[in-house]
Amino acid sequence: MPLVTVILTTHNRYKTFLKSYESIIEQTYKNLEIIIVDDFSTTEDYLNLSKDFFDERTTYIRHPFNQGLAKARNTGIKKSNGQFIGFCDDDDLWIHNKIELQLASYYSSPAHVGVITSSTKVVVDNKSFIRRSFINGWFYRKMIGAKQPLGNGSTLLFTRKCIESIGYFDEKFKRGVDGEYLYRVSLKYKVKSVDLPLVIYNFDSDIKRITNNKSSDAIKRDIISLINRLRSDRVINGKINLSVFRLYLKIIKRLMKLKKYKLIKILVLGKQDKLYII
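In this report, the structure presented in the accompanying data block is examined. (Residues numbered from 1 in each chain as written. Predicted model: local features only at pLDDT ≥ 70, side-chain atom pairs only at ≥ 80, totals over all residues. Heavy atoms only, no water.)

Turning next to the side chain of Asp 89. Its location among the elements puts Asp 89 in strand 4 (residues 84-89). For Asp 89, a relative accessible area of 15% puts it in the buried group. Among all residues touching Asp 89, those that are not within four sequence positions of it are Leu 8, Thr 9, Ser 20, Leu 69, Arg 73, Asn 152 and Ser 154. (Helix = DSSP H or I, 4+ residues; strand = E, 2+ residues; numbered from the N terminus. Buried < 20%, exposed > 50% of the residue type's maximum accessible area, 1.4 Å probe, protein only. Contact = heavy atoms within 4.5 Å.)

What follows is the structure, given as structure tokens:
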């Protein structure tokens, strides 16, 4: 019965946050450490929360200002004690036996498994579909082209050994946080997938995300992320293929978006992994 740390990140989505939290405390697997990281929510509902509201297994941490998803997850990791660490976004729901099934899958797996994932039920406004994730073993080639084949962050359960080996989420990135981290994981560890939809992923176009992805600064950080991924692709793949070419197109598309912010000239200097705006 290993201790499992669950890190629930939230920002100004109180109603969906409550549902996400309820889906965690109702897990059939009970040996949980729940860490809620509030990334500086400003609505009155959050400000009125008291310690009596939470399950006794829960620690509530509030950031002094909004710092984004990567920072919020890192805050939770630093406070964690579990042998396994999972993440849940505040608009997603866990099926009641998610942790139980993922642990059972892990303990029946071969060596070098560092992350366990599952399929997902995706809800888009009033429609839904199942996004299968059934990849087992080494998965680094599946990541080429800035792909993320393992589902969203709420499906992922990592071993502590994997987290300690890979390190923290890169706080420079405002988009592609999961994909960038899994890219690093894929070079050292295998994945085990549960071919069942254990997470309900709510993608509502009207709901604001924990990180602002539409500002010019966020787009610049996104471009930096894609450039880093492109370099990794070239190392793994050795040459340009269709997936890598599509990644080039993604970078160009985001560069074009910056025109909306009336930037005069854009110069990407690859040696220092930075995007300079002149």
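Next comes the rest of the description.
Gaps between atoms show up when a probe of the same size as a water molecule is rolled over them. Counted under the stated rule, the structure contains one cavity of 30 Å³ or more. By volume, the largest cavity is sized at about 30 Å³. Looking at the largest cavity, it is lined by ten residues, and the ones nearest its centre are Gly 68, Leu 69, Ala 70, Phe 173 and Lys 174. The biggest single contributor to the lining of the largest cavity is helix 3 (residues 69-79), with three residues. A breakdown of the residues in the lining of the largest cavity according to their chemical character gives four nonpolar, three polar and three charged. (1 Å grid on protein atoms, 1.4 Å probe; cavity = no way out; pocket = protein on both sides within 12 Å on 5 of 7 lines; lining within 4 Å. Points joined across faces, edges and corners; volume = space filled by probe spheres on them. Nonpolar A, V, L, I, M, F, W, Y, C, P; charged D, E, K, R; others polar.)

Of all hydrophobic cores here, the largest spans 28 residues; its most connected members are Val 115, Phe 139, Leu 150, Phe 158 and Val 185. Broken down by secondary-structure element, the contributors of at least two residues to this core are strand 2 (32-38), helix 3, strand 4, helix 5 (160-166) and helix 6 (177-186). Take this core: its biggest share by element is five residues, from helix 6. Core analysis: the second largest hydrophobic core is formed by 25 residues, Phe 84, Cys 88, Ile 99 and Leu 157 among them. (Core = buried A, V, L, I, M, F, W, Y, C linked by side-chain atoms within 4.5 Å.)

Regular strands have side chains that alternate between both faces of the sheet. In this sheet, strand 9 (residues 190-203) lies alongside strand 5 (residues 92-94) in antiparallel orientation, the contact comprising three bridges. Bridge pairing links Leu 93 to Ile 200 in strand 9. As paired strands, strand 6 (residues 113-124) and strand 9 are joined by eleven bridges and run parallel to one another. Residue pairing in the sheet places Ile 116 in a bridge with Lys 192 of strand 9. (Pairing = 2+ DSSP bridges.)

Here Asn 136 lies in the loop between strand 7 (127-131) and strand 8 (157-159). Given the relative accessible area of 37%, Asn 136 is considered partly exposed. With 23 residues separating them along the chain, Asn 136 and Val 113 place their C-alpha atoms 9.0 Å apart. In contact with Asn 136, other than residues within four places in its own chain, are Val 191, Lys 192 and Ser 193. A distance of 2.9 Å separates a polar side-chain atom of Asn 136 from the backbone nitrogen of Ser 193. (Polar contact = N/O pair within 3.5 Å; in protein donor to acceptor, adjacent residues only side chain to side chain.)

Glancing now at the pairing of strand 4. Within strand 4, six of the six residues are buried, which leaves it mostly tucked inside the rest of the structure. The side-chain alternation of strand 4 yields two buried faces, one formed by Phe 84, Gly 86 and Cys 88 and the other by Ile 85, Phe 87 and Asp 89. Two strands pair when backbone bridges link them, and strand 1 (residues 4-10) and strand 4 are joined in this way by six bridges, in the parallel orientation. Its bridge partner lying in strand 4, Leu 8 is registered against Cys 88.

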